[in-house]
Amino acid sequence: MKNKTYLLPFASLLLAGGILCTGCSSTPASSVTAAVSTASSVEEVSAMDGYDYLNDYVGLWGYYGIDLWLRVYEDSTFEFVNSEDETIYTGTVDADEYGMNLYFDDDNPQMRLDLSVSGDLLEEGSSDALHPVDAIVTQASCFEKNGLEINAAVDSADPIRLDNGVSSFTGKGTGYNTDECYWQVTKYNDTTHDGLREIQFDAVCYIPDSSIPYFGQTYETYISSELYDAYSGTWLTASTARGDTNRGDNHYYHTVYRNDKAYDIEFFFSTDWNMSSSSDDKIFTKSYVVYLPEDYDGLVFAAQAQPDNYTDAMALDNLENVSPEGNIMDLPPPLNPYASLYFDICG
C-alpha cells in the first residue's frame, strides 16, 4: 500500500552532448547510382524523409508507480492529468526518433523524454519512466486518496484509545451514552504456503468500567469492528456477532479487485465477551484467521466509533443489510470513516 508521491516541478532538462546514430548504410545492390543525402545531421535526414515522429507518441502514457499521466495530441500539444483525468499541466511537444521535448505553458522547465529500447519514455535527469497505457488506472489506494490513515499499530504493547468507541443503553435507547474504549491487535501466526498467506490475529477491546454508566438494571453494550480492503475501500461484510460465538458461526468469503486483478479473501472469526473481568475493564476478544493470496497486502482491521444517538447506532448495527460490500466512503452517515482506528494486518 505504498505509492510514490510525484513532486513537481519536473527535473530540469539535462542537455545531451550529441546524438549517436545507431544505423549504418550499405552499398546499393543495383548498378544504378544511389542518391546520396547531403544532410549534415540525423535531424536533417528526419526532416527530409517527411516522417512525422509525433505519430509514434500520440496517445496516453502512464508513470510507473505514480498517479500522473501524459496525453499527447496530434496537434503537437500535450497535457498531464491526474487520476480524475483533470488537467494539471499543458504545453507543446517536439518529437524526434529518439524521444520528445516538452515545453510547458507555465514556468516549469523544458522536459526531455528519451525513448528506450523497451518502448518506455525515460525522464531525463530522473529515474521516472512512462509507458503506453489504454486507460487511467490509479495507483493510489482508496484509503490514500481519501486521507484514511493507518493510525494504529499491530502488536502494540499498549492498547490504543478509540474515542466514543463504546455505546451503552437500556431498553430502546434509554440513557444512551458513548465513551472511550481501547483496542489492541496482535498477530500470532503469519505463514505462506502454496501461494496462500494465512494470518491469525486477535483484536481485543478493553472497555473501562468508567465508560459504562450505572444503569441499575440490565443494559446493552455496543462496539463495532470490521475488515476492509484498503485498495478498493470495499467492506468485507460480516454479520453482527451477538454474544459469544465460535469460528464456525462466522465464515465469510469475498473477492476484491485492484487494477483488474481479482483477489479472493476468506476469513473466520470467533467472539468472546468477558463482562466480569477481574480487572476494571470489560474485555471483548475477536479472534480471526484469514486466508489471502500471497501477493495481496491490503487487509485492514477497523475499530469504529459509535454514533452520538441511539437511532444512528441501530442503523450502524444494521448496515450489513443496507450496504453489503459497500465502499467505505459511500456507506451511510452513521459510519464516520474518519473516526476509526485502522490496523494494517498485512504489514
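Values in this document were obtained by computation on a predicted structure and should not be read as measured data.

## A short note on the nonpolar core
Reasoning step 1: Judged by nonpolar contacts, the single largest core of 37 residues is most densely connected at W183, F267 and F301.
Reasoning step 2: Among the elements that line this core, the one with the most residues is strand 11 (residues 196–208), at 5 residues.
Reasoning step 3: F301 has contacts with W183, V185, F201, A203, S225, E226, L227, Y288, L341, Y342, F343 and I345, leaving out every residue within four places of it along the chain.
Reasoning step 4: With 19 residues, the next largest nonpolar core counts Y63, I66, Y89 and M111 among its residues.

## Considerations on the sheet that holds strand 2 (residues 69–72)
Reasoning step 1: Strand order in the closed barrel formed by 8 strands is 1-2-3-4-5-6-7-8, and the pairing between neighbours is antiparallel. Strand-to-strand, the axes of this sheet are offset by a mean angle of 30°, without reference to chain direction.
Reasoning step 2: Across 4 bridges, the pairing between strand 2 and strand 3 (residues 77–81) is antiparallel. Within strand 3, the residue paired with V72 across the bridge is F78.

## Let's talk about unusual backbone geometry
Reasoning step 1: Non-glycine residue D155 carries a positive phi angle of around 65°.
Reasoning step 2: With respect to the helices and strands, D155 occurs in the loop between helix 2 (142–145) and strand 9 (160–170).
Reasoning step 3: Owing to a relative accessible area of 44%, D155 belongs among the partly exposed residues under this scheme.
Reasoning step 4: If you check the backbone angles, N164 has positive phi at about 55° while not being a glycine.
Reasoning step 5: Tracing the chain through its elements places N164 in strand 9.
Reasoning step 6: The class for N164 is partly exposed, based on a relative accessible area of 35%.

## Examining the environment of S118
Reasoning step 1: Of note, S118 is situated in the loop between strand 6 (111–115) and strand 7 (121–123).
Reasoning step 2: Judged by its relative accessible area of 59%, S118 falls in the exposed class.
Reasoning step 3: With 13 residues separating them in the primary sequence, S118 and H131 have C-alpha atoms 9.2 Å apart.
Reasoning step 4: Separated by 2.9 Å, the side chains of S118 and S116 make a polar contact.

## Considerations on the side chain of T245
Reasoning step 1: As for its position among the elements, T245 is in the loop between strand 13 (224–229) and strand 14 (251–258).
Reasoning step 2: Among the polar contacts listed, one links the side chain of T245 to the side chain of N250, at a separation of 2.9 Å.
Reasoning step 3: A polar side-chain atom of T245 sits 2.7 Å from a polar atom in the side chain of T271.
Reasoning step 4: Setting aside anything within four residues of it in sequence, one finds T245 in contact with N250, S270 and T271.

## Digging into the pattern of salt bridges
Reasoning step 1: For the structure on display, the rule yields 11 salt bridges.
Reasoning step 2: A network of salt bridges, in which partner residues are shared, links R71, E79 and D85.

## Focus: the packing of aromatic side chains
How two aromatic rings sit relative to each other is given by the distance of their centres and the angle of their planes.
Reasoning step 1: Applying the stated criterion across every chain, the model contains 24 aromatic pairs.
Reasoning step 2: On the numbers, 6.1 Å between centres and 10° between planes, the contact of F80 with F104 is stacked. With F80 in strand 3 and F104 in strand 5 (residues 99–104), this residue pair connects regions lying 24 residues apart in the sequence.
Reasoning step 3: Overall, F104 belongs to the buried group, its relative accessible area being 10%.
Reasoning step 4: Between the aromatic rings of Y263 and Y296, the centroid separation amounts to 5.4 Å while the plane-to-plane angle is 45°, which identifies the pairing as tilted. With Y263 in strand 15 (residues 261–274) and Y296 in the loop between strand 16 (281–293) and strand 17 (299–304), this pair connects stretches of sequence that are 33 residues apart.
Reasoning step 5: A connected cluster of aromatic rings, assembled from ring pairs, spans W183, F201, Y252, F267, F269, W273, F284, Y288, F301 and F343.
Reasoning step 6: Across the ring face of F269, the terminal group of K286 is positioned such that the distance to the ring centre comes to 4.7 Å.

## Here we look at the sheet that holds strand 17
Reasoning step 1: Across the sheet, 3 strands lie side by side as 13-17-18; this open sheet has antiparallel pairing. Edge positions in the sheet fall to strand 13 and strand 18 (341–344), since each of these pairs with one other strand and no more. Pairwise comparison of adjacent strand axes, ignoring direction, gives a mean angle of 25° for this sheet.
Reasoning step 2: Relative to strand 17, strand 13 runs antiparallel, the two being bridged by 6 bridges.

## Details of helix 3 (residues 310–317)
Reasoning step 1: Turning to helix 3, its buried residues number three or more, namely A313, L316 and D317. Across the axial projection of helix 3, the buried residues extend over an arc of 100°, all falling on one side.
Reasoning step 2: In the core, the buried residues of helix 3 are packed alongside strand 10 (174–193), strand 12 (220–222) and strand 13.
Reasoning step 3: The opening residue of helix 3 is N309, an N-cap whose side-chain oxygen sits 3.2 Å from the backbone nitrogen of T311.

## So, the side chain of D229
Reasoning step 1: Within the fold, D229 resides in strand 13.
Reasoning step 2: The buried charged residue D229 lacks any salt bridge partner; its closest oppositely charged side chain belongs to R258, at an N-O distance of 7.7 Å.
Reasoning step 3: Within the structure, the side chain of D229 is placed 2.6 Å from the side chain of Y296, a separation counted as a polar contact.
Reasoning step 4: Once residues lying within four places of it in the same chain are set aside, the contact partners of D229 are F143, T234, L236, V256, Y296 and G298.

Criteria and cut-off values
- Residues numbered from 1 in each chain as written.
- Predicted model: local features only at pLDDT ≥ 70, side-chain atom pairs only at ≥ 80, totals over all residues.
- Heavy atoms only, no water.
- Core = buried A, V, L, I, M, F, W, Y, C linked by side-chain atoms within 4.5 Å.
- Buried < 20%, exposed > 50% of the residue type's maximum accessible area, 1.4 Å probe, protein only.
- Helix = DSSP H or I, 4+ residues; strand = E, 2+ residues; numbered from the N terminus.
- Contact = heavy atoms within 4.5 Å.
- Pairing = 2+ DSSP bridges.
- Axes fitted to C-alpha atoms, helices over the stretch in contact; angles between N-to-C directions.
- Polar contact = N/O pair within 3.5 Å; in protein donor to acceptor, adjacent residues only side chain to side chain.
- Salt bridge = Lys/Arg side-chain N within 4 Å of Asp/Glu carboxyl O.
- Phe/Tyr/Trp six-rings, centres within 6.5 Å; stacked < 30°, edge-to-face > 60°.
- Lys NZ or Arg CZ within 6 Å of the ring centre and 35° of its normal.
- Arc of directions from axis to C-beta.
- Lys, Arg positive; Asp, Glu negative; His and termini not counted.

Function-wise, these values are silent; they only describe arrangement.
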